[in-house]
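One letter stands for each residue in the lines below.
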Amino acid sequence: DAGVILVGVGAVEARALERAPHGLRWVAVGGARPAGGTPHAGVDNVAGARMATRHLLELGHRTVHHVPGPPDWPEAHERWAGWHRTLTAAGRVVPPVVGAAWDAASGYRLGRRLAADPAVTAILCANDRVALGVLRALHEAGRPAPDEVSVVGFDDTPEAAYFHPPLTTIRQDAGELGRRSLGMLLDHLAASPHESVPAGLIVDSELVIRSSTGRHRDFP
(Lines give C-alpha, C1' and ligand atoms only; values in the text may rest on other atoms or scores of the structure.)
Protein backbone atom coordinates (compact mmCIF):
# COMPACT_ATOMS: atom_id res chain seq x y z
CA ASP A 1 0.00 0.00 0.00
CA ALA A 2 1.07 3.57 -0.69
CA GLY A 3 0.54 6.57 1.54
CA VAL A 4 0.83 10.35 1.14
CA ILE A 5 0.92 13.20 3.65
CA LEU A 6 -0.31 16.41 2.04
CA VAL A 7 0.44 19.64 3.93
CA GLY A 8 -1.55 22.86 3.53
CA VAL A 9 -4.65 21.56 1.81
CA GLY A 10 -6.49 24.16 -0.26
CA ALA A 11 -9.74 23.85 -2.15
CA VAL A 12 -8.06 22.37 -5.25
CA GLU A 13 -6.15 19.78 -3.23
CA ALA A 14 -9.27 18.88 -1.26
CA ARG A 15 -11.15 18.09 -4.48
CA ALA A 16 -8.20 16.04 -5.72
CA LEU A 17 -8.22 13.98 -2.54
CA GLU A 18 -11.86 13.15 -3.09
CA ARG A 19 -10.87 11.59 -6.45
CA ALA A 20 -7.79 9.76 -5.16
CA PRO A 21 -7.23 6.22 -6.51
CA HIS A 22 -8.78 3.44 -4.46
CA GLY A 23 -6.28 1.99 -2.01
CA LEU A 24 -4.07 5.07 -1.87
CA ARG A 25 -4.04 6.28 1.73
CA TRP A 26 -3.82 10.01 2.50
CA VAL A 27 -3.49 12.21 5.53
CA ALA A 28 -4.22 15.91 5.00
CA VAL A 29 -2.37 18.26 7.36
CA GLY A 30 -3.76 21.74 7.93
CA GLY A 31 -5.86 23.70 5.48
CA ALA A 32 -9.25 22.56 4.31
CA ARG A 33 -10.83 19.39 5.64
CA PRO A 34 -11.55 17.15 2.64
CA ALA A 35 -14.90 15.42 2.31
CA GLY A 36 -15.21 11.69 1.94
CA GLY A 37 -13.53 10.64 5.18
CA THR A 38 -9.96 11.57 4.27
CA PRO A 39 -8.02 11.70 7.57
CA HIS A 40 -7.10 15.21 8.64
CA ALA A 41 -4.64 16.54 11.21
CA GLY A 42 -4.33 20.10 12.38
CA VAL A 43 -3.65 22.56 15.16
CA ASP A 44 -6.46 23.88 17.34
CA ASN A 45 -6.60 27.37 15.85
CA VAL A 46 -9.91 28.22 17.50
CA ALA A 47 -8.57 27.44 20.97
CA GLY A 48 -5.37 29.33 20.23
CA ALA A 49 -7.22 32.49 19.25
CA ARG A 50 -9.46 32.07 22.27
CA MET A 51 -6.45 31.90 24.60
CA ALA A 52 -4.87 34.96 23.00
CA THR A 53 -8.06 37.00 23.24
CA ARG A 54 -8.69 35.99 26.85
CA HIS A 55 -5.10 36.90 27.74
CA LEU A 56 -5.63 40.42 26.43
CA LEU A 57 -8.99 40.83 28.14
CA GLU A 58 -7.49 39.64 31.43
CA LEU A 59 -4.90 42.40 31.10
CA GLY A 60 -7.74 44.91 31.28
CA HIS A 61 -8.23 45.72 27.60
CA ARG A 62 -11.86 46.51 26.92
CA THR A 63 -11.82 44.74 23.58
CA VAL A 64 -9.36 43.22 21.12
CA HIS A 65 -8.90 44.23 17.49
CA HIS A 66 -7.97 41.56 14.96
CA VAL A 67 -5.95 41.51 11.75
CA PRO A 68 -7.15 38.23 10.20
CA GLY A 69 -5.61 36.15 7.47
CA PRO A 70 -7.17 35.87 4.00
CA PRO A 71 -10.74 34.54 4.30
CA ASP A 72 -10.14 31.68 1.84
CA TRP A 73 -7.65 30.09 4.28
CA PRO A 74 -9.33 27.71 6.77
CA GLU A 75 -6.74 28.51 9.47
CA ALA A 76 -7.51 32.21 9.12
CA HIS A 77 -11.23 31.58 9.49
CA GLU A 78 -10.69 29.39 12.57
CA ARG A 79 -8.53 32.05 14.24
CA TRP A 80 -11.11 34.70 13.41
CA ALA A 81 -13.84 32.46 14.87
CA GLY A 82 -11.96 31.92 18.13
CA TRP A 83 -11.44 35.67 18.53
CA HIS A 84 -15.03 36.54 17.62
CA ARG A 85 -16.61 33.91 19.88
CA THR A 86 -14.48 34.91 22.86
CA LEU A 87 -15.38 38.58 22.63
CA THR A 88 -19.05 37.75 22.13
CA ALA A 89 -19.10 35.37 25.11
CA ALA A 90 -17.45 38.05 27.27
CA GLY A 91 -20.05 40.62 26.24
CA ARG A 92 -17.43 42.86 24.63
CA VAL A 93 -17.70 44.96 21.52
CA VAL A 94 -16.46 43.06 18.46
CA PRO A 95 -14.52 45.62 16.39
CA PRO A 96 -14.74 45.52 12.59
CA VAL A 97 -11.64 44.09 10.93
CA VAL A 98 -9.56 46.51 8.87
CA GLY A 99 -8.32 44.02 6.25
CA ALA A 100 -6.62 40.67 5.86
CA ALA A 101 -2.95 39.75 5.73
CA TRP A 102 -0.40 36.95 6.01
CA ASP A 103 2.75 39.05 5.46
CA ALA A 104 4.66 41.75 7.35
CA ALA A 105 4.19 44.43 4.69
CA SER A 106 0.41 44.13 4.84
CA GLY A 107 0.57 43.97 8.63
CA TYR A 108 2.49 47.25 8.60
CA ARG A 109 -0.04 48.90 6.29
CA LEU A 110 -3.01 47.75 8.36
CA GLY A 111 -1.15 48.50 11.58
CA ARG A 112 -0.83 52.14 10.54
CA ARG A 113 -4.61 52.33 10.27
CA LEU A 114 -5.07 50.75 13.70
CA ALA A 115 -2.39 52.95 15.26
CA ALA A 116 -4.32 56.04 14.17
CA ASP A 117 -7.31 55.01 16.30
CA PRO A 118 -6.73 55.92 19.97
CA ALA A 119 -9.38 53.41 21.04
CA VAL A 120 -7.17 50.52 19.88
CA THR A 121 -5.20 49.10 22.82
CA ALA A 122 -4.93 45.39 21.95
CA ILE A 123 -4.42 43.58 18.65
CA LEU A 124 -4.48 39.88 17.79
CA CYS A 125 -2.62 39.24 14.53
CA ALA A 126 -3.22 36.44 12.05
CA ASN A 127 0.37 35.27 12.37
CA ASP A 128 3.78 36.41 13.60
CA ARG A 129 4.75 38.02 10.29
CA VAL A 130 1.69 40.24 10.43
CA ALA A 131 2.55 41.07 14.04
CA LEU A 132 6.05 42.16 12.97
CA GLY A 133 4.57 44.72 10.59
CA VAL A 134 2.03 45.88 13.17
CA LEU A 135 4.75 46.37 15.80
CA ARG A 136 6.73 48.61 13.46
CA ALA A 137 3.66 50.65 12.56
CA LEU A 138 2.83 51.18 16.22
CA HIS A 139 6.40 52.21 17.02
CA GLU A 140 6.49 54.75 14.21
CA ALA A 141 3.14 56.19 15.33
CA GLY A 142 4.43 56.75 18.85
CA ARG A 143 2.19 54.01 20.26
CA PRO A 144 4.72 51.26 20.99
CA ALA A 145 3.95 47.81 22.41
CA PRO A 146 3.29 47.07 25.17
CA ASP A 147 3.09 50.55 26.73
CA GLU A 148 0.36 51.86 24.44
CA VAL A 149 -0.92 48.81 22.53
CA SER A 150 -0.55 45.10 23.30
CA VAL A 151 0.11 42.76 20.37
CA VAL A 152 -0.24 38.98 20.06
CA GLY A 153 0.89 36.89 17.10
CA PHE A 154 0.19 33.32 16.05
CA ASP A 155 2.59 30.45 15.16
CA ASP A 156 5.58 31.16 17.47
CA THR A 157 8.06 31.30 14.61
CA PRO A 158 11.74 30.96 15.61
CA GLU A 159 12.20 34.71 15.16
CA ALA A 160 9.29 35.71 17.42
CA ALA A 161 11.40 35.73 20.58
CA TYR A 162 13.80 38.22 18.92
CA PHE A 163 11.26 40.82 17.78
CA HIS A 164 11.34 44.18 19.52
CA PRO A 165 9.68 43.70 21.88
CA PRO A 166 9.75 39.88 22.04
CA LEU A 167 6.39 38.69 20.78
CA THR A 168 3.61 37.11 22.80
CA THR A 169 2.17 34.49 20.47
CA ILE A 170 0.37 31.18 20.08
CA ARG A 171 2.73 28.25 19.62
CA GLN A 172 1.98 25.53 17.10
CA ASP A 173 4.02 22.41 17.76
CA ALA A 174 4.91 21.51 14.17
CA GLY A 175 7.11 18.63 15.26
CA GLU A 176 4.32 17.01 17.25
CA LEU A 177 1.87 17.58 14.41
CA GLY A 178 4.27 15.89 12.00
CA ARG A 179 4.86 12.91 14.26
CA ARG A 180 1.19 12.37 14.91
CA SER A 181 0.29 12.80 11.24
CA LEU A 182 2.80 10.13 10.27
CA GLY A 183 1.46 7.88 13.01
CA MET A 184 -2.07 8.37 11.69
CA LEU A 185 -0.97 7.45 8.16
CA LEU A 186 0.81 4.32 9.39
CA ASP A 187 -2.29 3.29 11.35
CA HIS A 188 -4.42 3.66 8.23
CA LEU A 189 -1.96 1.70 6.13
CA ALA A 190 -1.94 -1.12 8.69
CA ALA A 191 -5.71 -1.23 9.16
CA SER A 192 -7.93 -3.74 7.45
CA PRO A 193 -10.69 -2.41 5.15
CA HIS A 194 -13.29 -3.06 7.85
CA GLU A 195 -11.30 -1.71 10.79
CA SER A 196 -12.28 1.63 12.31
CA VAL A 197 -9.42 4.13 12.46
CA PRO A 198 -9.67 7.73 13.74
CA ALA A 199 -10.34 10.14 10.88
CA GLY A 200 -8.88 13.23 12.50
CA LEU A 201 -6.69 14.64 15.22
CA ILE A 202 -6.15 18.06 16.70
CA VAL A 203 -2.88 19.15 18.29
CA ASP A 204 -3.21 21.59 21.16
CA SER A 205 -1.91 25.14 20.78
CA GLU A 206 -0.14 27.04 23.57
CA LEU A 207 0.01 30.67 24.68
CA VAL A 208 3.59 31.91 24.97
CA ILE A 209 3.72 35.17 26.94
CA ARG A 210 6.59 37.52 26.19
CA SER A 211 6.99 41.29 26.31
CA SER A 212 4.62 42.57 23.60
CA THR A 213 1.58 42.43 25.89
CA GLY A 214 0.92 44.36 29.08
CA ARG A 215 -1.80 45.68 31.31
CA HIS A 216 -4.11 48.34 29.97
CA ARG A 217 -3.00 51.71 31.30
CA ASP A 218 -6.28 52.12 33.27
CA PHE A 219 -6.24 48.58 34.66
CA PRO A 220 -5.46 48.48 38.42
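This text goes with the structure placed above it.
Below is a summary of the structure that appears in this document. (Residues numbered from 1 in each chain as written. Predicted model: local features only at pLDDT ≥ 70, side-chain atom pairs only at ≥ 80, totals over all residues. Heavy atoms only, no water.)

**Notes on the sheet that holds strand S5 (residues 122–125)**
- In space, the three strands of this open sheet follow the order S4-S5-S6, with parallel pairing throughout. Where the open sheet ends on each side, the last strands, each with one partner, are strand S4 (65–67) and strand S6 (150–152). The mean angle between the axes of side-by-side strands here comes to 20°, regardless of whether they run parallel or antiparallel.
- Note: S4 against S5, three bridges, orientation parallel. The partner of His-65 across the bridge, within S5, is Ile-123.
- Lying on the sheet, helix H5 (residues 128–140) is in contact with S4, S5 and S6; it crosses S5 at an angle near 150°. (Pairing = 2+ DSSP bridges. Helix = DSSP H or I, 4+ residues; strand = E, 2+ residues; numbered from the N terminus. Axes fitted to C-alpha atoms, helices over the stretch in contact; angles between N-to-C directions. Contact = heavy atoms within 4.5 Å.)

**Focus: the pairing of strand S2 (residues 25–31)**
- With six of its seven residues buried, S2 lies for the most part within the structure.
- Summarising the sheet, S2 and strand S3 (residues 40–43) pair through two bridges and their orientation is parallel. Paired with Val-29 across the bridge in S3 is Ala-41. (Buried < 20%, exposed > 50% of the residue type's maximum accessible area, 1.4 Å probe, protein only.)

**Some remarks on the packing of helix H4 (residues 104–115) against H5**
- Their axes nearest at 7 Å, the elements H4 and H5 cross at an angle of 40°. Considered as vectors, H4 and H5 are oriented oblique to each other. In the crossing of H4 with H5, the sense of the turn from one axis to the other is right-handed. On the side of H4, the interface is formed by Ala-104, Gly-107, Tyr-108, Gly-111, Arg-112 and Ala-115, while H5 contributes Arg-129, Val-130, Leu-132, Gly-133, Val-134, Arg-136, Ala-137, Leu-138 and Glu-140. (Parallel < 35°, antiparallel > 145°, perpendicular 65-115°, else oblique. Left-handed = near helix turned anticlockwise from the far one by under 90°.)

**Observations regarding the side chain of Arg-79**
- Checked against the element boundaries, Arg-79 lands in helix H3 (residues 74–89).
- The exposure class assigned to Arg-79 is buried, which follows from its relative accessible area of 5%.
- A polar atom in the side chain of Arg-79 sits 3.4 Å from the side chain of Asp-155.
- Setting aside anything within four residues of it in sequence, one finds Arg-79 in contact with Asn-45, Ala-49, His-66, Trp-102, Ala-126, Asn-127, Phe-154, Asp-155 and Gln-172. (Polar contact = N/O pair within 3.5 Å; in protein donor to acceptor, adjacent residues only side chain to side chain.)

**Notes on the packing of helix H2 (residues 45–58) against H3**
- One way to put it is that H2 packs onto H3 with a least axis distance of 7 Å and a crossing angle of 40°. By the angle between their directions, the pair H2 and H3 is classed as oblique. The hand of the H2/H3 crossing is right-handed. Residues Asn-45, Val-46, Ala-49, Arg-50, Thr-53, Arg-54 and Leu-57 of H2 pack against Glu-75, Glu-78, Arg-79, Gly-82, Trp-83, Arg-85, Thr-86 and Leu-87 of H3.
- For the contact of H2 with H3, the residue count by class is five nonpolar, four polar and six charged. (Nonpolar A, V, L, I, M, F, W, Y, C, P; charged D, E, K, R; others polar.)

**What to know about the packing of aromatic side chains**
- Per the counting criterion, the structure on display carries one aromatic pair.
- When the ring centre of Phe-154 is taken as reference, the NZ or CZ atom of Arg-79 above it lies at 3.9 Å.
- The side chain of Arg-136 reaches across the aromatic face of Tyr-108, ending 5.0 Å from its centre. (Phe/Tyr/Trp six-rings, centres within 6.5 Å; stacked < 30°, edge-to-face > 60°. Lys NZ or Arg CZ within 6 Å of the ring centre and 35° of its normal.)

**Points about H4**
- Relative to the 16 Å expected for 12 residues at 1.5 Å per residue, H4 spans 15 Å between its end C-alpha atoms, a close match to the ideal helical length.
- For H4, the capping residue at the N-terminal end is Asp-103, with a side-chain oxygen 3.3 Å from the backbone nitrogen of Ala-105. (Expected span 1.5 Å × (residues − 1).)

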